[in-house]
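As a plain string of letters, each chain reads:
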Amino acid sequence: MSQNSDIVLKDHKIFFVGGTDFKINNKVFKRGQMYVESFKPKHTNGKKIILIHGGGQSGAGFISTADGRRGWLHDFLDKGYEVYIVDQPGRARSGYSENLYGKYLERETNLDDAERRFTAMSTKGNWPQAKTHTQWPSNGLRGDQVFEQYMASQVNTMADRIDIEEMSKIALSDLIDQIGDTAVLGHSQGGPFCWLAADVRPKQVKACVAVEPNGPPFFNVSYGGIQHSHLDKQTFKKNDFDKDWYQTSSEPDRPNGITYSALTYDPPLKQGEKLIPEIDTQTTPDNLVQCFLQKEPARKLVNLSKTKILILTAESSYHAPYDHGTSNFLKQAGVNHDFIRLEDHKIKGNGHMMMHEKNSNEVSNFIMNWLDKNYG
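In what follows, the accompanying structure is described. Predicted model, so just to flag it, every value in this text is computed and none were measured. Residue numbers here run from 1 along each chain, matching the order of that chain's written sequence. Two thresholds apply to this predicted model, a pLDDT of at least 70 for residue-level local features and 80 or more for giving and counting side-chain atom pairs, whereas whole-chain, interface and lining totals are computed over all residues. Calculation of side-chain values draws on the structure's entire complement of heavy atoms; hydrogens and water are dropped beforehand.

With that out of the way, let us pick up the environment of Asp 177. Secondary structure counts use DSSP, requiring at least four H or I residues in a row for a helix and at least two E residues in a row for a strand, with both numbered from the N terminus. For Asp 177, the location among the structural elements is in helix α6 (residues 161-179). Only protein chains enter the calculation, and the probe is 1.4 Å; a residue is then buried if its accessible area is under 20% of its type maximum, exposed if over 50%, and partly exposed in between. For Asp 177, a relative accessible area of 48% corresponds to the partly exposed category. Separated by 24 residues in the primary sequence, Asp 177 and Arg 201 have C-alpha atoms spaced 8.5 Å apart. A polar atom in the side chain of Asp 177 sits 2.8 Å from the side chain of Arg 201. The term polar contact refers here to a pair of N or O atoms within 3.5 Å; inside protein, the definition further demands a hydrogen-donor-capable atom paired with an acceptor-capable atom, and it admits residues adjacent in sequence only when both atoms are side-chain atoms.

Take a look at the structure:
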């Protein structure tokens, strides 16, 4: 698609889905509604897709890139997709009130973190793949106009991750009930919303594209020293799986493995029961994180197994060392899917914010080619 090609819309509208009544001081308010902006091209291919942004972001990140080019929205419209862009509940145009949503995280990404993880990791990142980053459309450093535009797009994020997923289940169910069969694309913190949508509406979600979904299973990863204190409670020696460039959290961050809130497992989890993490004993290459699986016998994700799924990972991203963990978790849970690294398909040098990068159109075309073959 040319950045200058014409896109003719048949319909463009804004509406809200989801939400429940919430009482404060004997007054009833609406809480958990989700903003939706829909775009229908004049000439459609009969397919629909929901685009779900990640943490610290809003749906605006799919409309335009930080350097002012057309975003993934326009790429999908040009190929005939009917597109639905959302702002997660309690985020951006969906609205926020501390009385309704509780504590907020401050802007999730500060300047140092943005340079290190998103825009300038070839010089700032310390994971092995960081040095291959070439696709950010500027030098990626503070003071640069493109960097400043990206930072200006950051918004606050609700602190309670279980709460936001539970509200999003309701909103996504409502949206899918209204629009019918659709694909769902989620990025980063919004990536697991693919799992939520496919779990609550397995017949209507025809494909899931999880672009570097929040992970890896159970335990968060950061890049710095070594901390594997959770291994002390297991049969492994503390240093069995240490590598000198990452750190895993002491306690599970995602109690349901790949989500904060509950999914439909078989056999089902009882009230208050949690999955038990167990480190994957299969040796990984030196440039990959040793991730966690369920303790066997593993429960199965019966609803997700009914949906075509792609996990997509970029060559240079901080997700590159651990997205295989999410793939292995799904495989263990009986979910057939595609786990694709872009560099294996000659799309090289991308970071986590690939929808903003110089070759953003090349990445979206790759996704649409996959959807052409897998949209159920």
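This next bit is on the nonpolar core. Side-chain atoms within 4.5 Å are what join buried Ala, Val, Leu, Ile, Met, Phe, Trp, Tyr and Cys residues into a set we call a nonpolar core. Judged by nonpolar contacts, the single largest core of 51 residues is most densely connected at Ile 49, Trp 72, Phe 76, Val 83, Leu 185, Ile 367 and Leu 371. The biggest single contributor to this core is helix α9 (residues 360-374), with 6 residues. Beyond its immediate chain neighbours, meaning those up to four positions away, Val 83 contacts Glu 37, Ser 38, Phe 39, Ile 49, Leu 51, Leu 73, Phe 76 and Leu 77. The next biggest cluster of nonpolar side chains, apart from the first, holds 39 residues, and it includes Phe 15, Leu 175, Phe 193 and Ala 198. Every residue pair with non-hydrogen atoms within 4.5 Å of one another is taken to be in contact.

Our next topic: the sheet that holds strand β2 (residues 27-41). DSSP bridges decide pairing: two strands pair if at least two such bridges lie between them. Strand order in this open sheet of 8 strands is β1-β2-β4-β3-β7-β8-β15-β16, and the pairing throughout is mixed. The sheet is open, and its two borders are formed by β1 (9-24) and β16 (338-341), each paired with just one other strand. Taken pair by pair, the neighbouring strands of this sheet meet at an average axis angle of 20°, ignoring direction. Summarising the sheet, strand β15 (residues 308-313) and β16 pair through 4 bridges and their orientation is parallel. Considered in β16, the bridge of Thr 313 is made with Arg 341. Axis lines are fitted through C-alpha atoms, for helices just across the contact stretch, and the angle between N-to-C directions can take any value from 0 to 180 degrees. Strand contacts of α6: β1, β2, β3 (48-52), β4 (82-87), β7 (182-187) and β8 (205-211), with the helix running at about 135° to β1, the strand carrying the most contacts.

Working rule for helices: expected span equals 1.5 Å times residues minus one. Between the first and last C-alpha of α9 there are 21 Å, a value that for 15 residues agrees with the 21 Å anticipated at 1.5 Å per step. Next to the buried residues of α9 lie β3, α1 (72-78), β7, β8, β15 and β16.

So, about the pattern of salt bridges. Throughout this description, the term salt bridge denotes a Lys or Arg side-chain nitrogen within 4 Å of a carboxyl oxygen of Asp or Glu. Counted under the stated rule, the structure contains 16 salt bridges. A salt bridge links Arg 31 to Asp 163; its shortest N-O distance comes to 2.3 Å. Here Arg 31 is found in strand β2, whereas its partner Asp 163 is found in helix α6, with 132 residues between them in sequence. Across the pair, Asp 163 and Arg 31 agree in class, each one buried. Between Lys 124 and Glu 115 there is a salt bridge whose closest N-O contact spans 3.8 Å. Exposure remark for Lys 124: the relative accessible area of 42% places this residue in the partly exposed category. Each of the salt bridges in this network shares a partner with another, and the network as a whole consists of Asp 112, Glu 115, Lys 124 and Arg 142.

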